[in-house]
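Okay, here's what each chain looks like letter by letter:
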Amino acid sequence: MKPLSEVDQLKNQLREQETIYKNILEGTLAGYWDWKIPENYEYLSPTFKSMFGYEDHEMPNHPDSWQKIIFQEDLPKVFESFGAHVQSKGEIPFHAETRYTHKNGSTIWVYCRGKVIEWDEKGNPLRAVGSHVDITKLKEVEEAAKKDSMQLALKNKELEQFAYVASHDLQEPIRTISSFTSLLAQQYKGQLGEEADQYLNFILDSTSRMKSMVNGLLEHSRIGHEKKLVIVDGNALIKQIQEDMKVSITEAGAKIIVGELPAVAGHETQIRLLFQNLISNALKFRKQGTPVKIQIIAEQRTDEVQFSVIDNGIGIEEKYKEHIFAMFQRLHAKTEYEGTGIGLAHCQKIVALHGGSIWVESKLNEGSTFHFTIKQ
Ligand code: ADP
């Protein structure tokens, strides 16, 4: 046998390498195409064809084959992206997400990408190659998630509207109960017996509490109506809040230490309410006999800012760390510390509206740190 010439040896090596690459490509379950533009011949790999339910011989190696089964409204997308790729001399990548009709009638989503690998001396494309990946499953999951989140948003809106209407409409009867009970208590004081006076006082107490809760609920359903995003200067905001809360801060003898706070993009009234609630809790849940010290710090990350409000108050037991963020949940009797248990629920809603999260770290009898993040 005649020994192979060097050229033939090289050719053989090339052929071998091509077989390896083809097998690797097919092994990834991606189909591939190889378009010789002047001849308008387009090799379509077996996986390319089986993605749409066709045997190799059922689909000619020609651009018409795929152009017949692609959704016609998706075709311009392919041409546009390929046109841009050619125009930019390959700078702009060619890729497109398109739909095809499978032999069995179902829809197949495909992610196609490719590039021109040969140009003539005038800069016209001669040959382009690329891959085809079936992304139907991914699209189905994406669609389902989109539908779920739309339904969830709708449900949330309904709930919010319900809370708004209910709390709004409840205000009137509560007002009536409370004013007639006050009248009864005033006009018949001492005439109905000591017990009756006491009962009337209980009713008054409860109605006033109910009023606060309904107002809180109404306020809660209103959070989020503010649509304007502004740049909020953290330090300026805390300064204003300290001014507004001067009486309670002085009364608690509190020392507030504020670190370097960055400016954040957010809804100003909401962020103000958020800090106000956390600071007023830090003042309210202070430890007897210990001078109140509150520290406010921030840490800037690439896509969010984390704020922390640190106090040296009574602390929170580990098991209640999540519970306290729920509506009307409190850990103490109203005689011990006043409040309705809605402040932290407000905070949680505000933080969620800013794409962040809120949590607490605490040690009973030592103090608590409330952390929250604001997405930027
Ligand atoms: P409220 O202050 O009206 O009770 P919140 O929703 O603001 O309602 O707080 C819920 C509960 O979480 C409080 O009743 C209290 O038990 C606990 N809590 C909140 N902030 C602190 C804090 N800084 N230190 C200790 N406990 C706290």
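The structure displayed is predicted, hence computed values, not measured ones.

Student: Now, about the layout of surface pockets: what can you tell me, with residues and values included?
Tutor: In this model, the largest pocket occupies a volume close to 1,000 Å³. Every residue lining the largest pocket is counted, 40 residues in all, and those nearest its centre are N281, K284, F285, R330 and E338. Among the elements of the structure, α6 (194–222), α8 (246–252), α9 (268–284), α10 (343–353) and β12 (367–375) are those that each provide at least two residues to the lining of the largest pocket. The dominant element in the lining of the largest pocket, judged by the number of residues it contributes, is α9, at 8 residues.

Student: Describe in detail the packing of helix α7 (residues 234–244) against α9, supporting the description with residues and values.
Tutor: Where α7 meets α9, the closest approach of the two axes is 10 Å, and the angle between their N-to-C directions is 55°. Considering the angle they form, α7 stands oblique to α9. For the element pair α7 and α9, the recorded crossing hand is right-handed. For the pair α7 and α9, the contacting residues are L237, I238, Q240, I241 and D244 in the first and E268, I271, R272, F275, Q276 and I279 in the second. Along the lines of polarity and charge, the residues of the contact of α7 with α9 split into 6 nonpolar, 2 polar and 3 charged.

Student: Go over the site of the ligand with me, naming the residues and quoting the values.
Tutor: Close to the ligand lie 21 residues, the nearest being N281, D311, R330, G341 and L344. Residue N281 places a side-chain N or O atom 2.8 Å away from an oxygen atom belonging to the ligand. Contact between the ligand and T340: an oxygen atom at 3.1 Å from a main-chain N or O atom of the residue. When isolated, the ligand has an accessible area of 530 Å², and the protein chains bury 98% of it.

Student: Please give an account of the packing of aromatic side chains that cites residues and values.
Tutor: This structure, assessed with the given rule, holds 11 aromatic pairs. Measuring from centroid to centroid gives 5.4 Å for F275 and F307, while their planes differ by 85°, and the two rings are edge-to-face. Residue F275 is found in helix α9, and its partner F307 is found in strand β10 (residues 304–311); the two are separated by 32 residues along the sequence. Like F275, the residue F307 is buried in the burial classification. Between F275 and F372, the aromatic rings sit 5.4 Å apart at their centres with planes inclined by 65°, giving edge-to-face as the arrangement.

Student: I'd like to hear about the domain arrangement of the protein chain, residue by residue, with values.
Tutor: Domain boundaries assigned for the protein chain yield domain 1 (6–134), domain 2 (137–222) and domain 3 (226–376). Taken together, the contact between domain 2 and domain 3 spans 9 residues of the former and 11 residues of the latter. Approximately 900 Å² of surface area, both sides summed, lies buried where domain 2 meets domain 3, with 64% of it carried by carbon and sulfur atoms. Counting the surface domain 2 buries against domain 3, the share from its top three residues, R209, M213 and H220, is 61%. Inspection of the region where domain 2 meets domain 3 yields 1 salt bridge. K349 is the salt-bridge partner of E160, the closest N and O atoms lying 2.8 Å from each other.

Student: Please give an account of the pairing of strand β1 (residues 31–36) that cites residues and values.
Tutor: In regular strands, side chains alternate between the two faces of the sheet. With 5 of 6 residues buried, β1 lies mostly within the body of the structure. Summarising the sheet, β1 and strand β5 (residues 125–134) pair through 6 bridges and their orientation is antiparallel. Paired with K36 across the strands is R127, a residue of β5. The turn joining β1 and strand β2 (residues 41–44), which pair antiparallel and follow one another in sequence, is formed by 4 residues; a positive phi near 50° is taken by N40.

So, how was this worked out
- Residues numbered from 1 in each chain as written.
- Predicted model: local features only at pLDDT ≥ 70, side-chain atom pairs only at ≥ 80, totals over all residues.
- Heavy atoms only, no water.
- 1 Å grid on protein atoms, 1.4 Å probe; cavity = no way out; pocket = protein on both sides within 12 Å on 5 of 7 lines; lining within 4 Å.
- Points joined across faces, edges and corners; volume = space filled by probe spheres on them.
- Helix = DSSP H or I, 4+ residues; strand = E, 2+ residues; numbered from the N terminus.
- Axes fitted to C-alpha atoms, helices over the stretch in contact; angles between N-to-C directions.
- Parallel < 35°, antiparallel > 145°, perpendicular 65-115°, else oblique.
- Left-handed = near helix turned anticlockwise from the far one by under 90°.
- Contact = heavy atoms within 4.5 Å.
- Nonpolar A, V, L, I, M, F, W, Y, C, P; charged D, E, K, R; others polar.
- Near = heavy atom within 4 Å.
- Polar contact = N/O pair within 3.5 Å; in protein donor to acceptor, adjacent residues only side chain to side chain.
- Areas by Shrake-Rupley, 256 points an atom, 1.4 Å probe, with all protein chains shown as cover.
- Phe/Tyr/Trp six-rings, centres within 6.5 Å; stacked < 30°, edge-to-face > 60°.
- Buried < 20%, exposed > 50% of the residue type's maximum accessible area, 1.4 Å probe, protein only.
- Domains from an automatic or database assignment.
- Buried area = accessible area lost by both parts, 1.4 Å probe.
- Salt bridge = Lys/Arg side-chain N within 4 Å of Asp/Glu carboxyl O.
- Pairing = 2+ DSSP bridges.

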